[in-house]
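# Observations on the three-dimensional arrangement
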Amino acid sequence: HIAPLCVLTLSFAAAAATPAKPSDKELQQFVAASVEVTTINTALLAKREAATTAAEAEKLEDEAGDKMEKAIQAKGLTAERYAEIFTVMDSDPAIKAKVEALAKPHRK
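Our subject in this report is the structure included herewith. (Residues numbered from 1 in each chain as written. Predicted model: local features only at pLDDT ≥ 70, side-chain atom pairs only at ≥ 80, totals over all residues. Heavy atoms only, no water.)

### Some remarks on helix α3 (residues 79-91)
Look at α3: 19 Å from first C-alpha to last across 13 residues, which is about the 18 Å you get at 1.5 Å a residue. When we look at burial in α3, the residues that qualify are Ala79, Arg81, Tyr82, Ala83, Glu84, Ile85, Phe86, Val88 and Met89. Of the surrounding secondary structure, the elements contacted by the buried residues of α3 are α1 (24-50), α2 (54-74) and α4 (93-103). (Helix = DSSP H or I, 4+ residues; strand = E, 2+ residues; numbered from the N terminus. Expected span 1.5 Å × (residues − 1). Buried < 20%, exposed > 50% of the residue type's maximum accessible area, 1.4 Å probe, protein only. Contact = heavy atoms within 4.5 Å.)

### Quick look at the nonpolar core
Counting 23 residues, the largest nonpolar core has Phe30, Ile72, Tyr82, Met89, Ile95 and Val99 as its most contacted members. Mapped by element, the contributors of at least two residues to this core are α1, α2, α3 and α4. Looking at this core, the element that brings in the most residues is α1, giving seven residues. (Core = buried A, V, L, I, M, F, W, Y, C linked by side-chain atoms within 4.5 Å.)

### Some words on the pattern of salt bridges
For the structure shown, the criterion picks out six salt bridges. Between Lys98 and Asp24 there is a salt bridge, and its shortest N-O distance comes to 3.2 Å. Here the residue Lys98 occupies a position in helix α4, and Asp24 occupies one in helix α1, the gap between them amounting to 74 residues. Among the ionic pairs, Arg81 bridges to Glu84, the shortest N-O distance being 2.9 Å. (Salt bridge = Lys/Arg side-chain N within 4 Å of Asp/Glu carboxyl O.)

### Topic: the side chain of Gln29
The residue Gln29 is located in helix α1 in this model. Side-chain polar atoms of Gln29 contact the backbone oxygen of Lys75, separated by 3.3 Å. Among residues more than four places away in sequence, those in contact with Gln29 are Lys75, Gly76 and Leu77. (Polar contact = N/O pair within 3.5 Å; in protein donor to acceptor, adjacent residues only side chain to side chain.)

### Some details on the packing of aromatic side chains
All chains considered together, the criterion is met by one aromatic pair. Aromatic side chains Phe30 and Tyr82 sit 4.7 Å apart centroid to centroid with 35 degrees between the ring planes, which places their arrangement in the tilted category. One end of the pair, Phe30, is in helix α1; the other, Tyr82, is in helix α3, and 52 residues separate them in sequence. Relative accessible area serves as the criterion here: at 1%, Tyr82 is assigned to the buried category. (Phe/Tyr/Trp six-rings, centres within 6.5 Å; stacked < 30°, edge-to-face > 60°.)

### With respect to the environment of Glu80
Within the secondary structure, Glu80 sits in helix α3. Between the C-alpha atom of Glu80 and that of Glu69, which follows or precedes it by eleven residues, the distance is 9.5 Å.

### Observations regarding the side chain of Asp92
Within the element layout of this structure, Asp92 appears in the loop between α3 and α4. Among the polar contacts listed, one links the side chain of Asp92 to the backbone nitrogen of Ala94, at a separation of 2.9 Å.

### Description of the packing of α1 against α2
For any two helices packed against each other, the geometry comes down to the angle between their axes and how far apart the axes lie. Where α1 contacts α2, the axes come no closer than 9 Å and their chain directions differ by 170 degrees. The pairing of α1 with α2 is recorded here as roughly antiparallel in orientation. Contacts from Ala33, Glu36, Val37, Ile40, Asn41, Leu44, Lys47 and Arg48 in α1 reach Ala57, Leu60, Glu61, Ala64, Lys67, Met68, Ala71 and Ile72 in α2. (Axes fitted to C-alpha atoms, helices over the stretch in contact; angles between N-to-C directions. Parallel < 35°, antiparallel > 145°, perpendicular 65-115°, else oblique.)

What follows is the structure in structure tokens.
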């Protein structure tokens with residue numbers, strides 16, 4: 001499963017109207033980053049459910065967003081490019097198929 005950046009607040013309007021198709025290297029980076037983003041997101045959901053106040057939940061979301069952004073950068077992408085690739089993948093069946101093939105080894 002490829003996770004969107006559900007916690008990061010990215011400005012999709014700032015992204016190009018039609019993002020450039022990702023290279024094979026970017027797709028590999030995207031999948032690797034998605035594994036990390038999914039792990040962070042799963043941990044966040046569990047912690048959010050245990051949060052007792054809205055402020056605590058917001059703090060957890062901010063921390064998770066920072067972790068996700070760092071994980072994406074560690075894989076060689078910016079958060080903005082990650083979001084662009086997610087958008088392209090969502091609208092281009094060929095790219096989506098490539099991503100799914102690359103992600104297959106990461107599924108449990």
